[in-house]
Structures are given as C-alpha cells and as structure tokens.
Amino acid sequence: MITAERTLERDRDNLITSKVAGGWNVTNLRTMKMYEVLREKGSFTCTCPAYCRNPKEDCKHILFVKEENSINLNKIDTAILRELKKNNKKLSEIQTITIIMDTDSGQEIITGLSF
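Residues numbered from 1 in each chain as written. Predicted model: local features only at pLDDT ≥ 70, side-chain atom pairs only at ≥ 80, totals over all residues. Heavy atoms only, no water.

Section: the side chain of His61
Okay, so step 1: Summarising the element assignment, His61 is placed in helix 3 (residues 60-87).
Okay, so step 2: The buried category is assigned to His61, whose relative accessible area is 6%.
Okay, so step 3: The contacts of His61, once residues within four sequence positions are left out, are Val26, Tyr35, Val37, Cys46 and Cys48. (Helix = DSSP H or I, 4+ residues; strand = E, 2+ residues; numbered from the N terminus. Buried < 20%, exposed > 50% of the residue type's maximum accessible area, 1.4 Å probe, protein only. Contact = heavy atoms within 4.5 Å.)

This is the structure:
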C-alpha cells in the first residue's frame, strides 16, 4: 500500500503552495494538477481523489501544507513574541503585523507591528 507519506516524499520537490481564502492551493509541477486544501476549525480537507476516497487520513497535500506552515508559523511566532517582549506589550494589543518574504533566504521577516 502506498502511503501519503511515501507519495509526499516522492513529490515534495514538485509541490508548491499558494495561499487563498480559507486555505491553500497545492500544485504538483510534474503533473500540473492542483488541489485545494482548506482548514476549518483546526481540521483540514482536500479536494484530491485520495482524500475524497479516505477522508479519515491526511493526503500528501494536507501533509505538505501542515509541514510548510509549521516551519513558517514557528519562525513568525518566535519573532512576534520577541517583539512583544521588546515593546512590553501583550498579544491582544497587536493591531497589524507586516511580514515580508526575503526571496534570497526564503525567510519571513516581520517589518512592523502596530499596537
């Protein structure tokens, strides 16, 4: 049986994500197929056939989105906490966060917090 983890490992270098309202589009550049991964109340769904056949198991698209976002969100969370401490503010006091992507390093950089 081929698992989502094995197909993700096989296709990882071909997958890209784009943020859309309510979730992400995940495109496989090898097959040029795109599926939508949605997140609602902490649960993920996907429009791919593998997920539709077995919605109790995460497909490779959901696994990829989770993997990509856990890396990015952990970095952003750390930077936000650092800024809060530096400014002696609480999370609830943040009004806007400005984040840019450094295209050379692929790192998200917080360029501004407004309270």
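Quick look at the nonpolar core
Okay, so step 1: Among the nonpolar cores identified, the biggest contains 16 residues, and Val37, Cys46 and Ile62 are the most heavily contacted of them.
Okay, so step 2: Contributing elements (two or more residues each) for this core: helix 1 (4-11), strand 2 (23-28), strand 3 (33-40), strand 4 (43-46) and helix 3.
Okay, so step 3: The element contributing the most residues to this core is helix 3, with 4 residues.
Okay, so step 4: Ignoring sequence-local partners within four residues, the contact set of Val37 consists of Gly22, Gly23, Trp24, Val26, Phe44, Thr45, Cys46, His61, Ile62 and Val65. (Core = buried A, V, L, I, M, F, W, Y, C linked by side-chain atoms within 4.5 Å.)

Quick notes on the packing of aromatic side chains
Okay, so step 1: For the structure shown, the criterion picks out 1 aromatic pair.
Okay, so step 2: Taking the ring centre of Trp24 as reference, the NZ or CZ of Lys19 above it sits at 4.5 Å. (Phe/Tyr/Trp six-rings, centres within 6.5 Å; stacked < 30°, edge-to-face > 60°. Lys NZ or Arg CZ within 6 Å of the ring centre and 35° of its normal.)

Remarks on unusual backbone geometry
Okay, so step 1: Phi is positive for Met32, close to 60°, though the residue is something other than glycine.
Okay, so step 2: Among the secondary structure elements, Met32 is positioned in the loop between strand 2 and strand 3.
Okay, so step 3: For Asn88, which is not a glycine, the phi torsion comes out positive at approximately 55°.
Okay, so step 4: When you line up the elements, Asn88 lands in the loop between helix 3 and strand 5 (96-102).

Some words on the pairing of strand 1 (residues 15-20)
Okay, so step 1: Note that strand 1 and strand 2 share 6 bridges and pair antiparallel. Bridge assignment links Thr17 to a residue of strand 2, and that residue is Val26.
Okay, so step 2: Taking the residues between adjacent antiparallel strands as the criterion, strand 1 and strand 2 are bridged by 2 residues, where Gly22 takes a positive phi near 85°. (Pairing = 2+ DSSP bridges.)

Side note on the pairing of strand 3
Okay, so step 1: One ladder, built from 6 bridges, connects strand 2 with strand 3; its direction is antiparallel. From the neighbouring strand, Thr27 faces strand 3, where its bridge partner is Met34.
Okay, so step 2: Count of turn residues in the strand 2/strand 3 antiparallel hairpin: 4 residues, of which Met32 carries a positive phi of about 60°.
Okay, so step 3: Looking at chain direction, strand 3 and strand 4 are connected through 4 bridges and run antiparallel. Bridging from a neighbouring strand, Arg39 pairs with Phe44 of strand 4.
Okay, so step 4: Between strand 3 and strand 4, which pair antiparallel in sequence order, lie 2 residues; one of them, Lys41, sits at a positive phi of approximately 55°.

A word on the sheet that holds strand 3
Okay, so step 1: Taking strand neighbours across the sheet as the criterion, the 4 strands line up as 1-2-3-4 in an open arrangement whose pairing is antiparallel. Two strands in the sheet have a free side with no partner beyond their single neighbour: strand 1 and strand 4. When strand polarity is set aside, the average angle formed by the axes of neighbouring strands in this sheet is 25°. (Axes fitted to C-alpha atoms, helices over the stretch in contact; angles between N-to-C directions.)

Geometric values such as these leave the question of function open.
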